[in-house]
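Survey of secondary and tertiary structure
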Amino acid sequence: MGKMIYLDNAATTRTAPEVVEAMLPYFTEFYGNASTVYEFGGKSKEAIAKARETIANAIGAKDNEIYFTAGGSESDNWALKATAEAYKSKGKHIITSKIEHHAILHTCQWLEQQGYEVTYLDVDENGLVKLDELKKAIRPDTILISIMFANNEIGTIEPIAEIGKIAKEHDILFHTDAVQAFGQVPINVDEMNIDMLSTSGHKLNGPKGIGFLYIRKGVKIRSFVHGGAQERKRRAGTENVPGIVGFGKAVELAVSTMKERTDKEIELRDYLIDRVLKEVPFTRVNGDRKNRLPNNINFCFQFIEGESLLIMLDMKGICGSSGSACTSGSLDPSHVLLAIGLPHEIAHGSLRLTLGADTTKEDIDYTIDAIKDIVAQLREMSPLYEDYIKKHN
């Protein structure tokens, strides 16, 4: 394999060497089942407790409010379905937004089939939830507000503290999908009035197949996976000890390096955005320029197809995406880009680049030059671009 520049860290990240090193003993040396009573299994139990404490501290939570899952999608499903079931006597109305990850949107659609009502809030041109519309959507039978912390495609960070305050004032549970934000921006569940929060380990240089759901003490939702007494009887199944240990180590690293790492990402992110907007005509950046994830860049290039751009970038050793990895292969334009008001023909020309701790300025310069060349090539073959030039010359 030749040169590779990996700029798809929103899809997944490289597992950090320190994380792998921390995990290895729990595959071959301390492999005991954490639910057993003998000392050997106790080693695994101790490791889980340490990881749980590290993770809880990272969001200002208590240890017994962290429940390990298989990842963000399971955590989202658990939060929504279990809340709907537990609070249905109060009401069957849920509020979310039109730009949520499909783990939320598809779960909401399933709940609608079970007789629940869901309000899907519009967002502004930058992808921000409109707080006045949120307030108007609240009804006496509203039991849950679920708004993502930061959008996985366009990087916009939502006004989470304000949403949490509104939810608390109306005695409504507030859940946030923080899969993209955790480890990238500071989070405090008490200060932000968050009742439930979903994450996934592989988005912050941890292993795949592990996540957690934060459930505030007093929130009365039941088990999502039945069959055993693990996770304080709320999530059955033998604990993924290596995954939990790795997740804990990844969180430790992410918290300790957050300021330095994100400062560097913001500098490179803005440098890339500014150069591309200056040097590639008929280009727009999607998402809020200020309230966005440090590592997220999302463009739309007029007169081209994003899939063609991705393929040609790949030929130059650059890994990017056109949106969420969970919708890869879909011919439809991003639901997020349509929700912020882009027409289909522009939304089809999208490119998402997400930086990592290893990204260098040389990587960025190489990528910018490749984008300039490829976009120019694709536009030369575009009848739409040819027609546009003819009309304006």
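Here the structure is a predicted model, which means the values were calculated and not measured. (Residues numbered from 1 in each chain as written. Predicted model: local features only at pLDDT ≥ 70, side-chain atom pairs only at ≥ 80, totals over all residues. Heavy atoms only, no water.)

Moving on, we come to the overall build of the protein chain. Along the backbone of the protein chain there are 14 helices and twelve strands. Over its C-alpha atoms the protein chain spans a radius of gyration of 22 Å, differing by no more than 12% from the 21 Å that the globule rule assigns to 393 residues. Dimensions of the protein chain, computed from C-alpha atoms along their principal axes, come out at roughly 75 × 55 × 35 Å. A separation of at least 24 residues holds for 73% of the contacts in the protein chain among residues at least 6 apart in sequence. Of the roughly 17,600 Å² that the protein chain leaves accessible, carbon and sulfur atoms contribute 52%. Put simply, the protein chain has 46 plus and 55 minus side-chain charges, and the middle of one group is 4 Å from the middle of the other. (Helix = DSSP H or I, 4+ residues; strand = E, 2+ residues; numbered from the N terminus. Rg over C-alpha atoms; globule rule 2.2 N^0.38 Å. Contact = heavy atoms within 4.5 Å. Areas by Shrake-Rupley, 256 points an atom, 1.4 Å probe, with all protein chains shown as cover. Lys, Arg positive; Asp, Glu negative; His and termini not counted. Charge placed at Lys NZ, Arg CZ, Asp CG, Glu CD.)

Taken together, seven strands build an open sheet; the order of strands is 2-8-7-6-5-3-4 and the sheet is mixed. The open sheet is flanked by strand 2 (66-69) and strand 4 (117-121), the only strands paired with a single partner. Strand-to-strand twist of the sheet, defined as the mean angle between neighbouring strand axes without regard to direction, takes the value 20°. Looking at chain direction, strand 3 (residues 93-97) and strand 5 (residues 142-146) are connected through three bridges and run parallel. Pairing of isoleucine 94 across the sheet is with leucine 144, part of strand 5. Sitting on the sheet, helix 3 (residues 39-58) touches strand 2 and strand 8 (211-215), and the angle it makes with strand 2 is about 115°. Packed on one face of the sheet, helix 7 (residues 160-169) meets strand 5 and strand 6 (173-177) and runs near 155° to strand 6. (Pairing = 2+ DSSP bridges. Axes fitted to C-alpha atoms, helices over the stretch in contact; angles between N-to-C directions.)

With a phi close to 55°, aspartate 171 is a non-glycine residue in the positive phi region. Of note, aspartate 171 is situated in the loop between helix 7 and strand 6. Given the relative accessible area of 61%, aspartate 171 is considered exposed. Its identity as a non-glycine residue notwithstanding, lysine 233 has a phi of 70°, on the positive side. Mapping lysine 233 onto the fold places it in helix 8 (residues 230-233). (Buried < 20%, exposed > 50% of the residue type's maximum accessible area, 1.4 Å probe, protein only.)

On to the packing of aromatic side chains, then. Under the definition given, this model contains twelve aromatic pairs. Summarising the aromatic geometry, the rings of phenylalanine 182 and phenylalanine 212 are spaced 5.5 Å apart at their centres and angled 90° between planes, so their arrangement reads as edge-to-face. Taken together, the residues phenylalanine 182 in the loop between strand 6 and strand 7 (196-200) and phenylalanine 212 in strand 8 connect sequence positions 30 residues apart. Of the two residues examined, phenylalanine 182 and phenylalanine 212, each falls in the buried class. A connected cluster of aromatic rings, assembled from ring pairs, spans Phe282, Phe303, Tyr385 and Tyr388. Lying over the aromatic face of tyrosine 366, lysine 3 brings its terminal NZ or CZ to 4.8 Å of the ring centre. A cation over an aromatic ring shows up here: lysine 81 above the ring of tryptophan 110, its NZ or CZ 4.7 Å from the ring centre. (Phe/Tyr/Trp six-rings, centres within 6.5 Å; stacked < 30°, edge-to-face > 60°. Lys NZ or Arg CZ within 6 Å of the ring centre and 35° of its normal.)

Another point: the side chain of serine 146. Among the secondary structure elements, serine 146 is positioned in strand 5. If near-sequence neighbours (up to four positions away) are discounted, serine 146 is found in contact with Leu80, Ile95, Thr96, Ser97, Glu100, Ile104 and His175.

Our next topic: a nonpolar patch on the surface. Where nonpolar side chains cluster on the molecular surface, the patch consists of Tyr31, Val37, Tyr38 and Phe40 and spans about 500 Å² of accessible area. Summarising the element assignment, phenylalanine 40 is placed in helix 3. (Patch = residues over 30% accessible without salt bridge, like charges linked within 9 Å, V, L, I, M, F, W, Y side chains within 5 Å. Salt bridge = Lys/Arg side-chain N within 4 Å of Asp/Glu carboxyl O.)

The next subject is the packing of helix 3 against helix 9 (residues 241-279). Between helix 3 and helix 9, whose axes approach to 9 Å, the crossing angle comes to 35°. In the packing of helix 3 onto helix 9, the handedness of the crossing is left-handed. Between helix 3, through Ser44, Ala47, Ile48, Ala51, Thr54, Ile55 and Ala58, and helix 9, the contact on the second element is made entirely by Val241, Ile244, Val245, Phe247, Gly248, Val251, Glu252 and Val255. Classifying every residue of the contact of helix 3 with helix 9 by side-chain character gives eleven nonpolar, three polar and one charged. (Left-handed = near helix turned anticlockwise from the far one by under 90°. Nonpolar A, V, L, I, M, F, W, Y, C, P; charged D, E, K, R; others polar.)

Judged by nonpolar contacts, the single largest core of 59 residues is most densely connected at Ile145, Phe149, Ile187, Ile194 and Phe212. Those elements giving two or more residues to this core turn out to be helix 3, strand 2, helix 6 (131-137), helix 7, strand 8, helix 9, helix 11 (335-339) and helix 12 (344-347). For this core, the element with the most residues is helix 9, which contributes six residues. For phenylalanine 212, the residues in contact, after removing those within four places along its chain, are Ile55, Ile59, Ile66, Tyr67, Phe68, Thr69, Ser75, Phe182, Leu197, Ser198, Thr199 and Phe247. (Core = buried A, V, L, I, M, F, W, Y, C linked by side-chain atoms within 4.5 Å.)

Moving on: the environment of aspartate 373. In this structure, aspartate 373 sits in helix 13 (residues 361-380). For aspartate 373, a relative accessible area of 42% corresponds to the partly exposed category. A sequence separation of 166 residues divides aspartate 373 from proline 207, and the C-alpha atoms of the two residues are 36 Å apart.

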